[in-house]
Protein chains: 4
Amino acid sequence: MNKENFALSEKIVSAAYVRQGSQARRSHEQLIRHLLEQGKCPEEGWSESTIELFLNELAVMDSNNFLGNCGVGEREGRVASGLVARRHYRLIHGIGRSGDIAAVQPKAAGSSLLNKLTNSIVLDILKVAGVRSVASCFVVPMATGMSLTLCFLALRHQRPKARYIIWPRIDQKSCFKAMITAGYEPVVVENVLEGDELRTDLVTVERKIEELGAENILCVHSTTSCFAPRVPDRLEELSTMCTKHNIPHIVNNAYGVQSSKCMHLIQQGARVGRVDAFVQSLDKNFMVPVGGAIIAGFDEAFIQEISKMYPGRASASPSLDVLITLLTLGAKGYKKLLSERKEIYMLLAQELSTLASAHGERLLHTPHNPISLAMSLDGLQAESDKAVTQLGSMLFTRQVSGARVIPLGKEQTISGHTFRGFMSHSESYPCPYINVASAVGISKEDVTLCMKRLDKCLKALKKELNPSKSTSPVSQLSHEDTTD
Amino acid sequence: MNKENFALSEKIVSAAYVRQGSQARRSHEQLIRHLLEQGKCPEEGWSESTIELFLNELAVMDSNNFLGNCGVGEREGRVASGLVARRHYRLIHGIGRSGDIAAVQPKAAGSSLLNKLTNSIVLDILKVAGVRSVASCFVVPMATGMSLTLCFLALRHQRPKARYIIWPRIDQKSCFKAMITAGYEPVVVENVLEGDELRTDLVTVERKIEELGAENILCVHSTTSCFAPRVPDRLEELSTMCTKHNIPHIVNNAYGVQSSKCMHLIQQGARVGRVDAFVQSLDKNFMVPVGGAIIAGFDEAFIQEISKMYPGRASASPSLDVLITLLTLGAKGYKKLLSERKEIYMLLAQELSTLASAHGERLLHTPHNPISLAMSLDGLQAESDKAVTQLGSMLFTRQVSGARVIPLGKEQTISGHTFRGFMSHSESYPCPYINVASAVGISKEDVTLCMKRLDKCLKALKKELNPSKSTSPVSQLSHEDTTD
Amino acid sequence: MNKENFALSEKIVSAAYVRQGSQARRSHEQLIRHLLEQGKCPEEGWSESTIELFLNELAVMDSNNFLGNCGVGEREGRVASGLVARRHYRLIHGIGRSGDIAAVQPKAAGSSLLNKLTNSIVLDILKVAGVRSVASCFVVPMATGMSLTLCFLALRHQRPKARYIIWPRIDQKSCFKAMITAGYEPVVVENVLEGDELRTDLVTVERKIEELGAENILCVHSTTSCFAPRVPDRLEELSTMCTKHNIPHIVNNAYGVQSSKCMHLIQQGARVGRVDAFVQSLDKNFMVPVGGAIIAGFDEAFIQEISKMYPGRASASPSLDVLITLLTLGAKGYKKLLSERKEIYMLLAQELSTLASAHGERLLHTPHNPISLAMSLDGLQAESDKAVTQLGSMLFTRQVSGARVIPLGKEQTISGHTFRGFMSHSESYPCPYINVASAVGISKEDVTLCMKRLDKCLKALKKELNPSKSTSPVSQLSHEDTTD
Amino acid sequence: MNKENFALSEKIVSAAYVRQGSQARRSHEQLIRHLLEQGKCPEEGWSESTIELFLNELAVMDSNNFLGNCGVGEREGRVASGLVARRHYRLIHGIGRSGDIAAVQPKAAGSSLLNKLTNSIVLDILKVAGVRSVASCFVVPMATGMSLTLCFLALRHQRPKARYIIWPRIDQKSCFKAMITAGYEPVVVENVLEGDELRTDLVTVERKIEELGAENILCVHSTTSCFAPRVPDRLEELSTMCTKHNIPHIVNNAYGVQSSKCMHLIQQGARVGRVDAFVQSLDKNFMVPVGGAIIAGFDEAFIQEISKMYPGRASASPSLDVLITLLTLGAKGYKKLLSERKEIYMLLAQELSTLASAHGERLLHTPHNPISLAMSLDGLQAESDKAVTQLGSMLFTRQVSGARVIPLGKEQTISGHTFRGFMSHSESYPCPYINVASAVGISKEDVTLCMKRLDKCLKALKKELNPSKSTSPVSQLSHEDTTD
């Protein structure tokens, strides 16, 4: 309510009480003012009532909510369903304009503000999470893969002759397809085994660059967060190599914002060499629904160029989700989540190691992977070929979600390229294994339950595989990877 | 509640009443059953309570809502903010898998069902709206432009040699950028003036094909819905030409679903010739928030190929919005909206014609454009160069949204291509004009208000431009197109 | 947002667009200003977004939503469940103070404002609905019966000697119990039969007053809205009689606000004689959930005295519901509902009359009852004793709700008083009958469906009762009145 | 979804995934089954999604949500505003029937179930909180005061001759008015001072009984929870006395559920003597919005009699709130809240004692009051008469809510009875003081902030009162008790 309305209210109920109410309103306004001034994630989270007040204020500024508006265009933010209007807080116009996803919309000052603020807050959080010198970023309502595609398409205009993308292997379909969709030929560089870890083969990368010719290479496409025993790529060395050969460098930082190690790698890469853009998932890092990503980088002009590649307006839904989430958590709350994740990673490693010993297996030694862990399944493999995949099905049925069982020797062809040892990031990893991860939002209870059920499954499997017992049909699912 | 719980309830309150309640529940279940069986938009719209019941049921089937779930993956559908969880009905997993946006997710049976059903219902509605032989479609959480880009990228693999896209000119940035982003060179074919209408120059299109060589052409990229005095492209002839030269044909049907004429053109094009895919906006046709599109076509295999081009999961938000909207409206409600739109188009044409006469202008004769209308602004132009753009600003300030004022001789360069007479789809349209449109959801009140305000603005402008009066600063906005 | 925040926003997105957004905000504020100034129901209904904005503003003024509040009392508006907080818009403090349900709460300026405004708007609507000279009213979160009790308890202090309440009979339990609960002895005055109608027996009323002595009578307790063939009491004559004998007069106007006739009776009663208070249901007149009533009268001091009888704070929920509803409808919308109701009453009478003829029954002639209608069931009665009650069960099972079947000769004892011919407002009404009503919110479809089903039931019953046919068990419910 | 619909879903998405979804649904159903079977508060709290699922299921059973319903009554659960419908989960019919607030409604099986279950769960929680032998209770949508009135009105029928209620003084308006409203004359028994505590004067109570004659006394009306230095009444002795004289005993247990001591007193009272009913506030004990109470007792028949006194249906809103809250918390969560409250009481006592010493005051010694504390304000009083009341205003302005400042010698007349020393429960308490309380839901932060602000205010006041300093207007509020 404005001054005038507060004054009128004083005539209806006691002036002293109304004055206090009006002061209380100001304290919400102060939070909003601070946000508008600083463009940063507030240190302390906001209450739901401040957030909803703010979103309602934004909505009121959009033309579809003007009380006296008359619309005679083809896109007026009309909504047929009240359920739909409400779930979007009546913010209907999306973000961006036909020319640029970051542009301001004349019809929608509120949605435009939402978009600008979200990008600004997200930039702040990337800094908080460890990439202190990041210069620019924007939220895009597409998953990581399609966002990578957009980066590649943006590079095309700079490097019209290029046909290849150098890519240290990681067995995740969407990264691979991101390159195919953009129209490039991925040059898959197999990883090298160091102890249990699979790491970037820098020598081969450089050899490939020289073989193919730098000008024919669109970029190096590296990865941070990944499933153990693969570990984040050697970003510093790759970045230096990219500078040396004048090749762009795009980093897939899918769920790396949650790990200070991954963020540090990017920060270092940019310091010593070249990182043109790094892309991260909204859902995996910020606990929001699937469907958004952040494209970020160290050169504002290049990031803007990418944002101008997106033809047309876009959904504001992922931006709205991450805005609400970060305002709710505050920087403090987000940092707390990250430190809890780290602690639970330690717990998970410990518990898995203990369980492994009990079953004659071992926790693979992958100290460079800060999120994902792997436990060998040699014993199971020895018993029966099918046992490993059966374990996956059993866990799925028992509501352990996200545990990945990796058998030996799977082969898969994607868009014409055949991957041997698929899912293991390696043509011949020495043993089958099971992955678990400590990702942001995980609880101790998740760990406890998972260990209990995994233990039960392993015991049940062994019983079943033992010929002296009658076989019961434990697996209800023909094998397939249910995590990807 | 299941049978057991109903039985228990009978002990608490009267059995007869509970039995009636349980029957009532069945009638909701029957609606859901019908939907699952038929996969079609129900004829009668559902009540909010049935819709929410259904969405809650879907959510319960997703693993993030399993009461006993433990998650040890990197993507578990965790949500940090209750506001966010609720606004998505706790459907967090998005749609698709890393390989395919139409694929089923093991972790999310409910979201998968939502995705399949939405695509199925939308397909039904495309048929209802006039493209009876459409074979397949899918909703994609990207605006029309980016969806066109995806189509072009999918064609790249079929036509590796192609470099050009033939494009009858339409002055809308995102269509143009859709081709640039995909990495192609648009071959702009100017329109021909027939009476007041701007129509496809078929002769030049064919000449360009022959000049450049069919194998070097990725596709013809035509448009249905557009601003008058441009009219929908001659789809039948273009489709025939594409068949003849064996060139793919992609149709931008942005807001054409709402017009039986546009839909008929596509249907006819596919009947007599070749239409590989047609793309339409969700928000413009179905009154949902910005950010989604439907990619549809007559060959299921090709449409699937496009859906497999999208690397990674995607936001379910646009699918959810269109599902809720179509279930709310029912086929009947949607058809009613379409016929109301048509009626208001007639009213708008009439009113605009009357207003034009009163101000010494005329309604341009564009019978082939079923949605947009244009009124000349010759008189204004005669008074002053700036008057035309001033009118635009005045209307914006007076909360007339969507009216577009098109001055003469604007020039704009987009991604290196210079358009003369930009916004008018023509290098030299004979007169400046103003556009208004009758789009789905428009009300009679919109028309009345718009005419009243437009009348006032024209009068005010004339007064201002008349030297005998003192000039008041009517325009508060430096000119820019506020509608695009 | 305040001025300062709009100014900051102008730096982030275009100033012109923000300015327009800020103007748009002002138009919502104007509506609120008008409400605060006038204290009347706005003529035009408000949009959901204005209503929610307003409610959020109110909530912000309550101490439980102060960002810096610290609470060390026993009642601080704390809420354990987010679901609960949200459904009440975070307005937790209820209405009133320990001394007075209409008093302002220091801790809750917003809730106090809500309470005052609701009472003011409701007063306006009572005038609009026909009681133009009503002086004061308040919403109380109790049903009509308990609200009547409160009125009687308030009168006790004025008339300490009184032991009786004169009450023209109406067969509705809660009105009777309202007197018993207040500790008085109801003096039941049987109605007189005039044609088909049951009307107030004025002679007996006066005789009872004289017999018992005016000073021993707490009040006359009359009724407007009721089930046909009873009709509203003769309020003018009763009011005059009350003035003459100096006896208070309390009117039960349960669902009479929706009928201009009932409201006219009260207005006339107050003009020519004495009406101390009239009580009406919120749910039955304003289409809100059950649980609130309005206590209104012509002497502000007496109404205030009643409001001060309510010991302690009270639920704001009914006030909130009626406030939202009246702001949504506007005076215009409410009047429209009332005139639709009247039209459907005519339709219902016509349809019922036709149906009656077809089945050899007749529509009872009750022109003084503006809401309820009755059709004789003589034929059914002739067939079998149980047939009449069976009809009631059949209709219930077929989801016809609200139709009441009244058999002959039912006897019921309530709090020691035995009513012969219970449910029919008469010791021996000449025939059994069925009631239907045209109440606010009824639709034509309700009428059509009801007639269809009633027709089917009557046919089925006759078939069943006819010995030449096999009897099927049509009734699934032992008889009881399901409408009361 | 029912079996059939799950089966159909298996054809659309993978059968294995749907099967898992259907199992997941069963786990929600199991929770509901358990609730229906046991009628107890679940030990573990439910998730929001289970709660909403359950409420939606209940709503579906009410006739206003039947898809095929046709309504021709005067009360059909129609709702004009979608906002209103949604905030009540479409449960519109309220609770009870005209005869009895606990009765089952034929039109509303879902609402009836809600009502029965809520009463059953609340009964369970009363036991958990310490009154193990409670036999029956019901939730009533009226505040504590009006609920006490209802109890008194119910007793009237048992004791027609009675005119007095014996009431050990407690200075809270609504308890007093509860008796006045019911039409009785309160016999105020002053408390006796024992140390700092004000306790029940048993001798005078018994003397009054004998003076007035037991048959002329409706009941003894005692109180548990209250502001220090008053402490809960001596319930054991009063109960014994009531048994001896055959007088009913009604206990005002306003916010006593949260204290095991108060609950123990009631349990003991009922064990050794007579407690006919005890009444407690919903909002103060269960952190829900103001407006509901629980009437409970040890004799099911008597409690039912009270429930039958409420004439008419009633709002389901308070029942819904407490149901949602208890399902959210679970018994475990509620017990946790209670034990936290107890801990913070200790903390608050300690902090207040320290603060008192620092300012030359002292914490009054009131060990029998488990919730409220008092600190003397002798020093302030010595400085100036107005200083004590000024402190109250200052705290209010500084957003310390719930702190009560009690000056000496206030006199107030309520309904004809003059209370000397009003607010202090005593005609002449030795010193002025300030009250703070540790009520359920309080946080450590509340304590810290309150102490800080109280300290500041006391310092500021002393400065101001010191003549050597310039006086600044600290108080913005003329004195009045802002807590009542």
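Residues numbered from 1 in each chain as written. Chains lettered and ligands numbered in written order. Predicted model: local features only at pLDDT ≥ 70, side-chain atom pairs only at ≥ 80, totals over all residues.

**Things to note about the overall build of chain A**
As a reminder of what qualifies: What counts as a helix is a DSSP run of H or I of at least four residues, what counts as a strand is a run of E of at least two, and both are numbered from the N terminus. C-alpha atoms define the radius of gyration in this analysis, and the globule rule sets the expected value at 2.2 Å times the number of residues to the power 0.38. Counting other C-beta atoms within 10 Å of a residue's C-beta gives its exposure: the residue is buried at 20 or more, exposed at 12 or fewer, and partly exposed in between, where C-beta atoms are placed from the backbone. With C-beta atoms placed from the backbone, a contact is any residue pair whose C-beta atoms sit within 7 Å.
Along its length, chain A carries 16 helices and 16 strands. Against the globule reference of 23 Å for 484 residues, chain A gives a C-alpha radius of gyration of 26 Å, in line with a compact fold. Along the first, second and third principal axes, the C-alpha set of chain A runs to 85 × 55 × 40 Å. A buried classification covers 64% of the 484 residues belonging to chain A. Intrachain contacts of chain A at a sequence separation of at least 6 include 72% that bridge at least 24 residues.

**Let's talk about the UniProt feature "modified residue: N6-(pyridoxal phosphate)lysine" (unreviewed entry) in chain A**
To keep it simple, the criterion reads: UniProt positions are given in the numbering used here, feature names are shortened, and annotations may be inferred rather than shown by experiment.
As annotated by UniProt and renumbered to match this structure, "modified residue: N6-(pyridoxal phosphate)lysine" (unreviewed entry) occupies A:Lys284. Following the sequence through the fold, A:Lys284 ends up in helix α11 (residues 282–286). Take A:Lys284: there are 27 C-beta atoms within 10 Å of it, and that puts it in the buried class. The contacts of A:Lys284, once residues within four sequence positions are left out, are A:Ala254, A:Tyr255, A:Ala439, B:Glu74 and B:Arg75.

**Overview of the relation of the copies chain B and chain A**
Related by rotation about an axis and a shift along that axis, the two copies of the chain form a pair. As a reminder, the rule being used: We superpose the copies by least squares over the C-alpha atoms of residues that have a pLDDT of at least 70 in both of them.
Of the transformation placing chain B onto chain A, the axial shift is 0.0 Å and the rotation is 180 degrees, giving an RMSD of 0.1 Å. Both chain copies can therefore be described as sitting about a two-fold axis. Considering only C-alpha atoms, the residue of chain B closest to the rotation axis is B:Arg87, which sits at 2.5 Å. A share of 100% of the interface residues of chain B reappears at the interface of chain A, consistent with the copies meeting face to face through the same patch.

**Some words on the interface of chain C and chain A**
Definition in use: Only Asp, Glu, Lys and Arg are considered charged, only Ala, Val, Leu, Ile, Met, Phe, Trp, Tyr, Cys and Pro nonpolar, and every remaining residue, Gly among them, polar.
Chain C puts 43 residues into the contact, and the matching count from chain A is 42 residues. Of all elements in the fold, only α1 (3–12), α2 (15–38), α3 (48–60) and α5 (109–128) of chain C reach the threshold of two or more residues within the side of chain C that touches chain A. For the side of chain C that touches chain A, the residue count by class is 19 nonpolar, 15 polar and nine charged.

**Things to note about the relation of the copies chain C and chain A**
You can overlay chain C on chain A at an RMSD of 0.0 Å; the transform is a turn of 180 degrees with a shift of 0.0 Å along its axis. Comparing contact sets, 98% of the residues at the interface of chain C also lie at the interface in chain A, consistent with an isologous, same-surface contact.

**Digging into the UniProt feature "binding site: tRNA" (unreviewed entry) in chain A**
Residues and elements named next belong to chain A. With numbering aligned to this structure, UniProt lists the feature "binding site: tRNA" (unreviewed entry) at Arg271, Arg398 and Lys463. The named residues occupy 193 residues along the chain; their greatest pairwise C-alpha distance, 54.9 Å, places them well apart from one another. By the secondary structure assignment, Arg271 is in helix α10 (residues 260–272). With 14 C-beta atoms counted inside 10 Å, the residue Lys463 sits in the partly exposed group.

**Regarding the sheet that holds strand β8 (residues 249–252) of chain B**
All names here are of chain B. Operational definition: At least two DSSP bridges between two strands are required for those strands to pair. Angles here are taken between N-to-C directions and fall from 0 to 180 degrees, while the axes themselves are lines fitted to C-alpha atoms, restricted in helices to the stretch in contact.
If you trace the seven strands from one edge of the open sheet to the other, you get β2-β10-β9-β8-β7-β3-β4, paired in mixed fashion. Of all the strands in the sheet, the pair left with one neighbour each is β2 (136–140) and β4 (185–189). Adjacent strand axes in the sheet meet at a mean angle of 20 degrees, parallel and antiparallel pairs treated alike. The pairing of β2 with strand β10 (residues 293–297) spans five bridges and is antiparallel. In the strand pairing of β10, Val139 is matched with Ile294. Of the strands in this sheet, β2, β9 (277–281) and β10 touch helix α12 (residues 300–309), which is tilted by about 20 degrees from β2.

**Quick word on the domain arrangement of chain A**
All names here are of chain A. Operational definition: Note that domain bounds follow an automatic or database assignment of domains.
Domain boundaries assigned for chain A yield domain 1 (3–91), domain 2 (109–329) and domain 3 (334–465). If you average the C-alpha positions of domain 1 and of domain 2, the two centres end up 36 Å apart. Contacts between the two partners involve 14 residues from domain 1 and, on the opposite side, 17 residues from domain 2. Looking at the side of domain 1 that touches domain 2 element by element, the count peaks at four residues for helix α3 (residues 48–60). Taken together, the residues that form the side of domain 1 that touches domain 2 break down as ten nonpolar, two polar and two charged.

**Quick look at the interface of chain B and chain A**
Taken together, the contacts link 87 residues of chain B with 87 residues of chain A. Counting residues per element, the side of chain B that touches chain A draws most heavily on helix α13 (residues 317–358) of chain B, at seven residues. Direction of pairing for strand β1 (residues 70–71) of chain A relative to strand β12 (residues 400–401) of chain B: parallel, over a ladder of two bridges. Each residue of the ladder has a partner; that of A:Cys70, found in β12(B), is B:Val400.

**Quick look at unusual backbone geometry**
The linkage connecting A:Ala228 with the following residue, A:Pro229, adopts the cis geometry, with an omega of 10 degrees. Located in the positive-phi region is A:Met423, a residue other than glycine, with phi close to 90 degrees. On the secondary structure map, A:Met423 appears in the loop between β15 (417–420) and β16 (433–437). Positive phi values are uncommon outside glycine, yet C:Gln399 reaches one of about 60 degrees. The topology assignment puts C:Gln399 in the loop between α15 (387–397) and β12 (400–401). Owing to 19 C-beta atoms within 10 Å, C:Gln399 belongs among the partly exposed residues under this scheme.

**Some details on the sheet that holds β16(A)**
Residue and element names in this part refer to chain A. Strand order in the open sheet made by the three strands is β11-β16-β13, with antiparallel pairing throughout. The open sheet has two free edges, formed respectively by β11 (372–376) and β13 (404–406), since each of these has just one partner strand. Going from strand to strand, the sheet's axes swing by 25 degrees on average, the running direction of each strand aside. Two elements, β11 and β16, share five bridges in a ladder whose sense is antiparallel. By the bridge assignment, Ser376 is partnered in β16 with Tyr433.

**Thoughts on helix α10 (residues 260–272) of chain C**
Residue and element names in this part refer to chain C. Here is the rule we go by: Given a helix with a known number of residues, its expected span is that number minus one, times 1.5 Å.
With 13 residues, α10 should cover 18 Å at 1.5 Å per step; its first-to-last C-alpha distance of 18 Å lies within 8% of that length. For α10, the full list of buried residues reads Cys262, Met263, Leu265, Ile266, Gln267, Gly269 and Ala270. Its buried side turned inward, α10 meets α9 (235–245), β8 (249–252) and β9 (277–281).

**Section: the confidence of the model for chain A**
Residue and element names in this part refer to chain A. Stated formally: Values of pLDDT, which run from 0 to 100, indicate the predictor's confidence residue by residue.
For chain A, the mean per-residue pLDDT works out to 94, and 96% of the residues sit at or above 70. With pLDDT under 50 throughout, residues 469–480 is counted as low confidence; its partners more than four residues away or in other chains account for 22 contacts. Scored as a complex, the prediction yields pTM 0.95 and ipTM 0.95.

**Observations concerning the packing of helix α5 (residues 109–128) of chain B against helix α2 (residues 15–38) of chain D**
Our working definition: What sets the label is the angle itself: under 35 degrees gives roughly parallel, over 145 gives roughly antiparallel, 65 to 115 gives roughly perpendicular, and the rest give oblique.
It is the contact of α5(B) with α2(D), at a shortest axis distance of 9 Å, that shows an interaxial angle of 120 degrees. When the axes of α5(B) and α2(D) are compared, the pair comes out oblique. Counting all contacts with α5(B), which are made through B:Ala109, B:Gly110 and B:Ser112, the residues of α2(D) involved are D:Tyr17, D:Val18, D:Gln20 and D:Gly21. Within the contact of α5(B) with α2(D), the residues separate by chemical class into three nonpolar, four polar and no charged.

**Some thoughts on the pairing of β9(B)**
All names here are of chain B. Where we set the bar: Handedness of a crossover is defined as follows: with both strands directed away from the viewer, a clockwise route from the first strand across the helix to the second makes it right-handed.
The buried fraction of β9 is high, at five of five residues. One ladder, built from three bridges, connects β8 with β9; its direction is parallel. Opposite Asn252, over in β9, you have Val279 as the bridge partner. With helix α10 (residues 260–272) bridging β8 and the parallel β9, this β-α-β connection has right-handed handedness.

**A few points about the pairing of strand β2 (residues 136–140) of chain C**
On a regular strand, each side chain points to the face opposite its neighbour's, so the side chains alternate between the two faces of the sheet. Extensive coverage of β2(C) is indicated by the burial of five of its five residues. Residues of β2(C) alternate between two faces, with C:Ser136, C:Phe138 and C:Val140 on one and C:Cys137 and C:Val139 on the opposite face, all of them buried.

**Details of helix α9 (residues 235–245) of chain B**
Three or four residues apart is the spacing at which side chains of an α-helix point the same way, because the helix has 3.6 residues per turn. All names here are of chain B. Stated formally: Relevant arc is that of directions from the helix axis to the C-beta atoms, nothing else.
Every buried residue of α9 is accounted for by Leu235, Leu238, Ser239, Met241 and Cys242. Seen from one end, α9 has its buried residues packed into an arc of 160 degrees, which puts them on one side. Lining the buried residues of α9 we find α8 (202–212), β7 (217–223), β8 and α10. Two residues or fewer past α9, Asn246 is found with a positive phi of approximately 55 degrees.

**Some remarks on the packing of helix α8 (residues 202–212) of chain D against helix α9 (residues 235–245) of chain D**
Residue and element names in this part refer to chain D. Note the following rule: We call a crossing left-handed when the near helix sits turned anticlockwise from the far one by less than a right angle, and right-handed when that turn is clockwise.
At a closest axis distance of 11 Å, the pairing of α8 and α9 adopts a crossing angle of 15 degrees. Viewed along their axes, α8 and α9 adopt a mutual orientation that is roughly parallel. α8 and α9 meet at a crossing whose hand is right-handed. Across from Leu202, Val205, Glu206 and Ile209 in α8, the residues of α9 making contact are Glu237, Leu238, Met241 and His245. The residue makeup of the contact of α8 with α9, split by class, is five nonpolar, one polar and two charged.

**Topic: the environment of C:Gln304**
Topologically, C:Gln304 is positioned in helix α12 (residues 300–309). Residues C:Gln304 and C:Ser136, spaced 168 residues apart in sequence, show a C-alpha to C-alpha distance of 8.2 Å.

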